[in-house]
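# Tertiary structure, described
Each chain is listed here by its residues.
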Amino acid sequence: MNSLAEPRKWERFFWPLLASGLLLALWHFSVIWTATKVFPSPPEVEKGLAELLRHHVLWGDIRDSLRRVVYGFGAAALLGIPLGLTLGWYPAVNQVVNPVMQILRPISPIAWIPVAIIFFGVGDKASIFLIFFGSFFPIVVACINGVSNVPSVYRRSGRNFGLTPPQLLARVVFPAALPQILVGLRIALGIAWLVVVAAEMIAVDSGLGYLVIDSRNSGKRYDLVVAAILLIGVIGLILDFGFRRLEKIRSVRWGFRNEF
Amino acid sequence: MALLKESVVAPAPKTKLSVEKVGMTFKRDGKSTPVLENINLEVADGEFVCLLGPSGCGKTTLLNAMAGFLSPTSGRIQVDNEAVNGPDPRRIFVFQERGVFPWLTVEGNIGFGLFKLSRAERQQRIDHYIKMVGLQGFEKAYPPELSGGMKQRLEVARALAVNPDMLFLDEPFGALDSITRLVMRGELLRIWEAERKTIIFVTHDIDEAVQLADRVVVMSARPATIQQIVNIDIPHPRDISSTRYLELRDGIFKQIGLAHKI
Amino acid sequence: MNLRVRLRPLVFIAALLVIWEIAARRQSVHLLPGPWGVVGGIADLVRHGLLLKYVVASLFRVTWGFLLAALLAIPLGLTIGWYRRAEMAFNPIVQILRPISPLAWIPIAILWFGVGDLAAIFLIFLGSFLPLLLTAMSAARSVPAVYVNAGRNFGLGPARLVYQVFYPAVVPQLIVGLRITLGVAWLVVVAAEMIAVNSGLGFLIVDARNAGNRYDLVVAGMVIIGVIGLLLDMGMRSLERVKSFRWGYSED
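Calculation notes
Residues numbered from 1 in each chain as written. Chains lettered and ligands numbered in written order. Predicted model: local features only at pLDDT ≥ 70, side-chain atom pairs only at ≥ 80, totals over all residues. Axes fitted to C-alpha atoms, helices over the stretch in contact; angles between N-to-C directions. Helix = DSSP H or I, 4+ residues; strand = E, 2+ residues; numbered from the N terminus. Parallel < 35°, antiparallel > 145°, perpendicular 65-115°, else oblique. Left-handed = near helix turned anticlockwise from the far one by under 90°. Contact = placed C-beta atoms within 7 Å. Nonpolar A, V, L, I, M, F, W, Y, C, P; charged D, E, K, R; others polar. Pairing = 2+ DSSP bridges. pLDDT = per-residue confidence, 0-100. Buried ≥ 20, exposed ≤ 12 C-beta atoms within 10 Å, placed from the backbone.

## So, the packing of helix α3 (residues 50–82) of chain C against helix α8 (residues 158–196) of chain C
All names here are of chain C. Put simply, α3 and α8 touch, their axes get as near as 9 Å, and they point 140 degrees apart. Classified by the angle between their axes, α3 and α8 sit oblique to one another. Between α3 and α8 lies a crossing whose hand is right-handed. For the pair formed by α3 and α8, the contact residues are Ser58, Arg61, Val62, Gly65, Phe66, Ala70, Ile74 and Leu78 on the first element and Val170, Leu174, Leu178, Leu182, Ala185, Trp186, Val189 and Glu193 on the second. Its residues assigned to classes, the contact of α3 with α8 shows twelve nonpolar, two polar and two charged.

Shown next, in the form of structure tokens:
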């Protein structure tokens, strides 16, 4: 956009490596200089990671976290998309229901934990409910926005060709709104990943979030703590990337500008 | 005895669309804006009529009313002696290229309105119209991959595929560069001569109107009334440097008040 | 007609409240409160002077964590977003850190700051920093080159360019980002207080349950959290409406 020449191809690898390398070095040396006995240095984190992988604990935790996300997010999508489409299609209904959503939205899913525990007990179901709750609203909102942003040209064309309202919704409005719905789903997936980690720190005893807390509680293994944190980041990133591949499908790609 | 010379008189053309004393007023926030006033027009079956006027004068509003997307505040519009009260697949509206559906391929778009046909029939129609508008080779392409002119042709093909009686075109070539526009005008006429639909075409380009239409309806600025209806009696293909063409065109120029030098 | 339409959502909410009350009364074990029980809970909190104390504690932490994050993230983000190479350099790091829930940093927060205000503020800072950084990067990236070129054309030096061209161009997007991130910060503070501190609305929820199953206080806390979150959001939206910021919303 601005500075000097167009960056060359090799620079795409050079700069990130440089920055990350410098950061790692900074981390490593500040651990040494502050002579902290507890906070791990990069090599220690690496060893901790290897240890986790070797003891097979890790895979079970990853699986558990992912499983909860799939159930919670899946349920949120299955319920949220039809609801969002309906609310977007009938603005009158939206006008009635929206205030309730606005009030419920700022309440962190974590704050629902006590209530969730009452209904579901401590364990898996409670965390899945929390994930569902956290992903639900972004999905609904994205669907509402997607539907109301469909250019009126498309709707008029649909009516012109003799489509009944249900046909219009299915064959014109839904495909037209799909890019925006996908973005909403991707964001909700990111939120689901955040919520699962938090929920596992409080209400369950397996999963990556639990691993973080447990590593500290049973032995102050901060090298495992940091290893787990980094893993959480990497897996979350993979989920996000995977979803972005969906956005490349041709019948949807038209809705996305060239994103990074 | 001399043979009786039969005078072959063409039967009086059937009226397809009739607009009677139509007026349109928009109300917003308590203010009423009259947009159309006392529009009277009869369009014959198979005719090519242009609505010509400056931008924002209300010709698009009139077109929308004719196609059934708007109800006139006063007066009535009839097609085939039936009142128009909503959009209908027999009267297809063609927008500027942005009306094509970007999530469907070229084939998908053209086949969009054909959901009542069998698969074989549908494919047949699609192939026919792809050839007619010259989009062979792009059947599986998506609209974002097409140029402006191609998208416009796609939209026309989609409209024609459902075999409507009437086509309404709202400045369809407005977004194209002037060379493509010339080409597209020729294409449109070619298609029209192959399948004689009744066409109502809105434009603000005087040359375009005189090149294409059988009759040009010259409209005033808002609130729009019909200033004049000019009969273009030159047969196609029209030579745009012929005297008659220039005469007609300059007549309209003067009517609109643009007879000045730059 | 206008009034009737406005009333409909209220009627809907009232209907929901009635259903809630009936469902609560019909519980075999009276655990969860109905709306009336919640009101009683709130009154209780007010009487003990706790309501104000907890609300202030939560708001205090949010304000500090959020402001610190904004002060650091926005200039940094604008700079990174502006220089292509800087963005290339830092993007991978940012992308890896982004999916990590701030709560996952709790053990480290406690390690560095102990249990208390600072840890909570640190968590809120973490939760706000990355979103604001990303918003600023995106805002800087989307400044149309036309503006900058026009500025240069008129002979503006770099300081003037930033102040008169760059800054007004990014402000609308920044404000929207600030609003959304404030919402995130509010979510984080509640969660952080449930785990790592001894005061505040989040703590109220955990404590009320642990020390006696006072679910009326639990739900009262949730309601208050929702209301304050909503007020914060509405406050930020009115900021967006301030005239001198409005040029970003041309189609309004």
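## Quick word on the sheet that holds strand β8 (residues 198–203) of chain B
All names here are of chain B. Pairing in this open sheet of six strands is mixed, and the strands run β6-β7-β8-β3-β9-β10 from one edge to the other. Each edge of the sheet is formed by a strand with only one pairing partner; in this case those strands are β6 (91–94) and β10 (226–231). Here the average twist between neighbouring strands, direction ignored, is 15 degrees. Where strand β3 (residues 48–52) and strand β9 (residues 215–219) come together, four bridges link them in parallel fashion. Each residue of the ladder has a partner; that of Cys50, found in β9, is Val216.

## Focus on the confidence of the model for chain B
The pLDDT averaged across chain B works out to 86; a share of 93% of its residues lies at or above 70. Both scores are available for the predicted complex, with the pTM at 0.82 and the ipTM at 0.80.

## A look at the interface of chain A and chain B
With 14 residues of chain A in contact, the opposing surface of chain B contributes 17 residues. Broken down by secondary-structure element, the contributors of at least two residues to the side of chain A that touches chain B are α7 (152–160), α8 (165–202) and α11 (250–253) of chain A. Ranked by the residues each element gives to the side of chain A that touches chain B, the list is headed by α7(A), at six residues. Classifying every residue of the side of chain A that touches chain B by side-chain character gives seven nonpolar, four polar and three charged.

## Quick look at the sheet that holds strand β1 (residues 15–28) of chain B
All names here are of chain B. The four strands lie next to each other as β2-β1-β4-β5, forming an open sheet whose pairing is antiparallel. The sheet terminates laterally at β2 (31–44) and β5 (82–83), the two strands that pair on one side only. Looking at chain direction, β1 and strand β4 (residues 74–79) are connected through five bridges and run antiparallel. Bridging from a neighbouring strand, Gly23 pairs with Ser74 of β4. Sheet strands touched by helix α1 (residues 59–67): β1, β2 and β4. Its angle to β1, the strand with the most contacts, is close to 120 degrees.

## Digging into the environment of Glu47(B)
Residue and element names in this part refer to chain B. The residue Glu47 is located in the loop between β2 and β3 in this model. Classification of Glu47 by C-beta neighbours within 10 Å gives partly exposed; the count is 19. For the pair formed by Glu47 and Lys16, sequence separation is 31 residues and the distance between their alpha carbons is 8.9 Å.

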